[in-house]
Amino acid sequence: MKTEELLEIGLTEEQASKVLAINGKDVERYKAQATNAKKDIEDLKTQLEQRDADIADLQKKAEGNADLQKKFGELQDKYNTETTEFQNKLNARDYADAVRSHIAAKGLKFTSKAAEKAFINDLTANKLELKDGTLTGFDDYCKKQQESDPDAFQSEKPAPTFVNPIQNPAPKPVSAAGLAAQKYSAQFTPKVKE
């Protein structure tokens, strides 16, 4: 977000400065959260490496004891399964984050929440390659989707406006309560005889 962009949409210098200050606070907060999350991930990786080393050490010490070897084998299988499941969850989260950020960066707007959900589900099912947070082929995929289902995307053209061909102003909308009030007050208005 830049000052020029805010000025282009009609904000004053002062308003633009305030918006940027608020936005800056939010950005810094999210940067801090991201830094903390990365630190947590590194800490967990370190713990996993230490656990692997401990398991290998215990396995060496348990050589010759068939019962302990069997239990270590079961624990190792369980550990491998859980690690794979955890990695799959992380990959799915990273992919979903990349999809959301690419949609926002491209400025895609959908005609409904259902259209957006269908687009995201189809994109997830196609599993574009994710490299360093970038979806390879995303632009081509979007182009194909916009050609195959143009009604799912909002048009970049402004919606048409209709001009009243008759110079009479449009009637003012009246609520049900307002209509009832008009009828009630009409009962007490004196009638003029001609």
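Further up the page is the structure itself.
Each value, and the rule that gives it
Residues numbered from 1 in each chain as written. Predicted model: local features only at pLDDT ≥ 70, side-chain atom pairs only at ≥ 80, totals over all residues. Heavy atoms only, no water. Helix = DSSP H or I, 4+ residues; strand = E, 2+ residues; numbered from the N terminus. Expected span 1.5 Å × (residues − 1). Buried < 20%, exposed > 50% of the residue type's maximum accessible area, 1.4 Å probe, protein only. Contact = heavy atoms within 4.5 Å. 1 Å grid on protein atoms, 1.4 Å probe; cavity = no way out; pocket = protein on both sides within 12 Å on 5 of 7 lines; lining within 4 Å. Points joined across faces, edges and corners; volume = space filled by probe spheres on them. Nonpolar A, V, L, I, M, F, W, Y, C, P; charged D, E, K, R; others polar. Core = buried A, V, L, I, M, F, W, Y, C linked by side-chain atoms within 4.5 Å. Patch = residues over 30% accessible without salt bridge, like charges linked within 9 Å, V, L, I, M, F, W, Y side chains within 5 Å. Areas by Shrake-Rupley, 256 points an atom, 1.4 Å probe, with all protein chains shown as cover. Salt bridge = Lys/Arg side-chain N within 4 Å of Asp/Glu carboxyl O. Lys, Arg positive; Asp, Glu negative; His and termini not counted. Charge placed at Lys NZ, Arg CZ, Asp CG, Glu CD. Phe/Tyr/Trp six-rings, centres within 6.5 Å; stacked < 30°, edge-to-face > 60°.

S.K.: What am I meant to see in helix α3 (residues 66-106) here?
M.R.: The periodicity of an α-helix, 3.6 residues per turn, causes residues three or four positions apart to be oriented the same way. An ideal rise of 1.5 Å per residue puts 60 Å on 41 residues; α3 measures up with 59 Å between its terminal C-alpha atoms. Of the positions making up α3, those classed as buried are F72, Y79, Y95, A98, V99, H102 and I103. If you follow the buried residues of α3, they end up packed against α2 (13-61), α4 (113-126), β1 (130-131), β2 (134-135) and α5 (138-148). G107 sits one or two residues past α3 and shows a positive phi near 75°.

S.K.: Mind showing me how you'd approach the layout of surface pockets here?
M.R.: Over the atoms, a rolling probe the size of a water molecule traces out where space has been left empty. If you add up the space inside the largest pocket, you get close to 390 Å³. Along the wall of the largest pocket there are 14 residues; nearest its centre are I41, K45, F86, Q87 and L90. Those elements that provide at least two residues to the lining of the largest pocket are α2 and α3. Its residues assigned to classes, the lining of the largest pocket shows 5 nonpolar, 3 polar and 6 charged.

S.K.: Would you mind showing me how to read the nonpolar core here?
M.R.: Counting residues in hydrophobic clusters, the biggest one holds 16 residues, and the most contacted among them are L108, F119, L123, L135 and F138. Contributions of two or more residues to this core are made by α3, α4 and α5. Broken down by element, this core gets its largest block of residues, 4 residues, from α3.

S.K.: I tried to follow a negative patch on the surface on my own but got confused; where do I start?
M.R.: Among the surface-exposed residues, E4, E5, E8 and E13 lie close enough to one another that they form a single negatively charged patch. In terms of residue count, the dominant contributor to the negative patch is helix α1 (residues 3-8) (3 residues). Its location among the elements puts E13 in helix α2.

S.K.: Looking at this model, I keep getting lost on the pattern of salt bridges. Mind explaining?
M.R.: Opposite charge on two side chains permits them to pair, given that their charged atoms come into close proximity. Scanning all chains against the criterion turns up 8 salt bridges. For D97, the salt bridge is made with R100, and the minimal N-O distance between the two is 2.5 Å. One end of the pair, D97, and the other, R100, are both in helix α3, 3 residues apart, so they sit about a helical turn from each other. Each of R93, D94, D97 and R100 takes part in salt bridges that share partners, so that together they form one network.

S.K.: How do you make sense of unusual backbone geometry when you look at a structure like this?
M.R.: Glycine aside, negative phi is the norm for most residues, and most peptide bonds take the trans geometry. Positive phi values are uncommon outside glycine, yet K127 reaches one of about 50°. For K127, the position within the fold is in the loop between α4 and β1.

S.K.: Mind showing me how you'd approach the packing of aromatic side chains here?
M.R.: By convention here, two paired aromatic rings are described through the distance between centres and the angle between planes. Taken as a whole, this structure holds 4 aromatic pairs when the rule is applied. Between F110 and F119, the aromatic rings sit 5.2 Å apart at their centres with planes inclined by 50°, giving tilted as the arrangement. In this pair, the class of F110 matches that of F119, namely buried. Consider the rings of F119 and F153, whose centres lie 5.7 Å apart with planes at 85°: the pair is edge-to-face. Of this pair, F119 sits in helix α4 while F153 sits in the loop between α5 and α6 (176-187), and the two are 34 residues apart along the sequence. F153 matches F119 in its accessibility class, with the two residues each being buried.

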